Amino acid sequence: MKTIGVIGAGSWGTALALTLSNKGHQVKICDINQEHLAEMREHRENVRYLPGIKFGENLHIVDSTEEALAGADIALFSAPAQHFRSAFEKAIPFITDGMVVVNVAKGIEQGTLMRMSEIAYLLKPDVKYVVLSGPSHAEEVGRALPTTVAVASKDMALAEQVQDVFMTDRFRVYTNDDVCGVELGGALKNIIALGAGISDGIGFGDNAKAALMTRGITEMCRLGVKLGADIATFSGLTGIGDLIVTCTSMHSRNRRCGIMIGEGEKPSVAVEKVGMVVEGMFTAQAAYQLAQRVGVEMPITECIYNCINEKITAREAVELLMGRDRKNEKHIG
């Protein structure tokens, strides 16, 4: 059994903390919001983001990153992607030589257009980094419903170590060595989920959503291959698997936000009504800029970016996509 420090007590961080602590690991969880920590300590559950699931005796609420990582074997980062840099910087003084860093945030940093692993290696070149991703709604993981994910690292021994730590009879973990592909899959699918929600909100049918998802995975592959990812990764759990669950479930914040936009809400109002971070809103801008930088065509991403920035309406986005010049479906490059 291991000692694990969890940085970030949102729904996903809490769900993983529950999974790990219920397996028998000693888990310490902290958050930047002290009021939130006090509520969790009082109620022994995450009443804000994952209500109704009580904490076991192996799950401890602590007040700081230093406390969370003291004596830890694994540092699990579950802060939103746009806050990963600050959370990781704050943690560096407490990350010991043997400690493994597991990141579960899905996104691309705005401005720098960096993936989370790139940020981690920039700030701490010797970091033992592993990314965990896949089709995994926190609401289901917290209730121990069957879930399967993948962990990726450039060091397969690290990936296998994390696989063993996280694996349970309800939480199956595969390994992968394609960090770039796994991170891009987790980030880019949120953009397509926004589009799927917009399609649903407008009132379009299953045909439109299936087409959006299928052409969306093509865009994900196109950018991923350009950036050095293995195209096969996008056929796996962290690509098409995560895309399916995020585009079809009401657990998905990105899809719910998209539905409201499709129904006519302003994007800013839709985000406010969701009440939690909608990563696709940030990733759409970063991915649009990244695609322009490397010269990759991503028409769905571009339309969603323009839609959420109110440059075009949702219906205009559909007209633009449906009216594009004819293409060969097999063209990826």
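Remember, it's a predicted structure, so these values are computed and weren't measured experimentally.

Caption draft 1: Spatial organisation of the overall build of the protein. Helix and strand counts for the protein come out as 15 helices and eight strands. Relative to the globule expectation of 20 Å for 333 residues, the C-alpha radius of gyration of the protein, 19 Å, shows essentially globular dimensions. The long-range fraction of contacts in the protein, counting pairs at least 24 apart against all pairs at least 6 apart in sequence, stands at 68%. Put simply, the protein shows about 14300 Å² of open surface, and 50% of that area lies on carbon and sulfur atoms. Positive and negative side-chain charges in the protein, numbering 34 and 40 respectively, have mean positions lying 3 Å apart.

Caption draft 2: Expanded view of the side chain of Ser 78. Tracing the chain through its elements places Ser 78 in the loop between strand S4 (74-77) and helix H4 (84-91). Here the side chain of Ser 78 touches Gly 8 through a polar contact of 2.6 Å, landing on its backbone oxygen.

Caption draft 3: Layout of the sheet that holds strand S6 (residues 128-133). Spatial strand order, S3-S2-S1-S4-S5-S6-S7-S8: eight strands in an open sheet with mixed pairing. The outermost strands of the open sheet, each flanked by one partner alone, are strand S3 (59-61) and strand S8 (171-176). Ignoring strand direction, the axes of neighbouring strands in this sheet form an average angle of 25°. As paired elements, S6 and strand S7 (residues 147-152) share three bridges and run antiparallel to each other.

Caption draft 4: Looking closely at the packing of helix H1 (residues 11-23) against helix H7 (residues 156-166). In the contact formed by H1 and H7, the axes pass within 9 Å of each other and the chain directions differ by 75°. On the basis of the axis angle, H1 is roughly perpendicular to H7. Judged by residue contacts, Leu 16, Leu 20 and Lys 23 of H1 engage Asp 164, Val 165 and Phe 166 from H7. Taken together, the residues of the contact of H1 with H7 sort by class into four nonpolar, no polar and two charged.

Caption draft 5: Spotlight on the pairing of strand S2 (residues 26-30). S2 sits mainly inside the fold: four of its five residues count as buried. Two strands pair when backbone bridges link them, and strand S1 (residues 3-7) and S2 are joined in this way by five bridges, in the parallel orientation. From the neighbouring strand, Thr 3 faces S2, where its bridge partner is Gln 26. Once the chain exits S1 it traverses H1 before rejoining the sheet at S2, and the crossover so formed is right-handed.

Caption draft 6: Seen up close, the packing of helix H9 (residues 206-226) against helix H14 (residues 299-308). With their axes 8 Å apart at the nearest point, H9 and H14 run at an angle of 105° to one another. Here H14 runs roughly perpendicular to H9, going by the angle between their axes. Within the contact between the two elements, H9 uses Leu 212, Arg 215, Gly 216, Glu 219 and Arg 222 and H14 uses Pro 299, Ile 300 and Thr 301. Among the residues making up the contact of H9 with H14, the classes are represented as three nonpolar, two polar and three charged.

Caption draft 7: Focus on the nonpolar core. Counting 46 residues, the largest nonpolar core has Ile 108, Leu 188 and Cys 257 as its most contacted members. Counting residues per element, the ones that place at least two in this core are helix H8 (179-202), H9, helix H10 (237-248), helix H11 (253-262), helix H12 (267-274), helix H13 (279-294), H14 and helix H15 (314-322). Counting residues per element, this core draws most heavily on H8, at eleven residues. In this structure Leu 188 touches Ile 108, Met 220, Leu 223 and Ala 287, once residues within four positions along its chain are discounted. Judged by nonpolar contacts, the second largest core, of 36 residues, contains Met 40, Val 102, Leu 132 and Val 162.

Caption draft 8: Examining the pattern of salt bridges more closely. Going through the model one piece at a time under the given rule, you end up with 16 salt bridges. Two residues, Arg 85 and Glu 109, come together in a salt bridge whose shortest N-O distance is 2.8 Å. One end of the pair, Arg 85, is in helix H4; the other, Glu 109, is in the loop between strand S5 (100-103) and helix H5 (116-123), with 24 residues separating them in the sequence. Accessibility classification places Arg 85 together with Glu 109 in one group, the buried group. Via salt bridges that share partners, Glu 35, Glu 39 and Arg 48 belong to a single interconnected network.

Basis of the calculations
- Residues numbered from 1 in each chain as written.
- Predicted model: local features only at pLDDT ≥ 70, side-chain atom pairs only at ≥ 80, totals over all residues.
- Heavy atoms only, no water.
- Helix = DSSP H or I, 4+ residues; strand = E, 2+ residues; numbered from the N terminus.
- Rg over C-alpha atoms; globule rule 2.2 N^0.38 Å.
- Contact = heavy atoms within 4.5 Å.
- Areas by Shrake-Rupley, 256 points an atom, 1.4 Å probe, with all protein chains shown as cover.
- Lys, Arg positive; Asp, Glu negative; His and termini not counted.
- Charge placed at Lys NZ, Arg CZ, Asp CG, Glu CD.
- Polar contact = N/O pair within 3.5 Å; in protein donor to acceptor, adjacent residues only side chain to side chain.
- Pairing = 2+ DSSP bridges.
- Axes fitted to C-alpha atoms, helices over the stretch in contact; angles between N-to-C directions.
- Parallel < 35°, antiparallel > 145°, perpendicular 65-115°, else oblique.
- Nonpolar A, V, L, I, M, F, W, Y, C, P; charged D, E, K, R; others polar.
- Buried < 20%, exposed > 50% of the residue type's maximum accessible area, 1.4 Å probe, protein only.
- Right-handed = clockwise from strand over helix to strand, strands pointing away.
- Core = buried A, V, L, I, M, F, W, Y, C linked by side-chain atoms within 4.5 Å.
- Salt bridge = Lys/Arg side-chain N within 4 Å of Asp/Glu carboxyl O.

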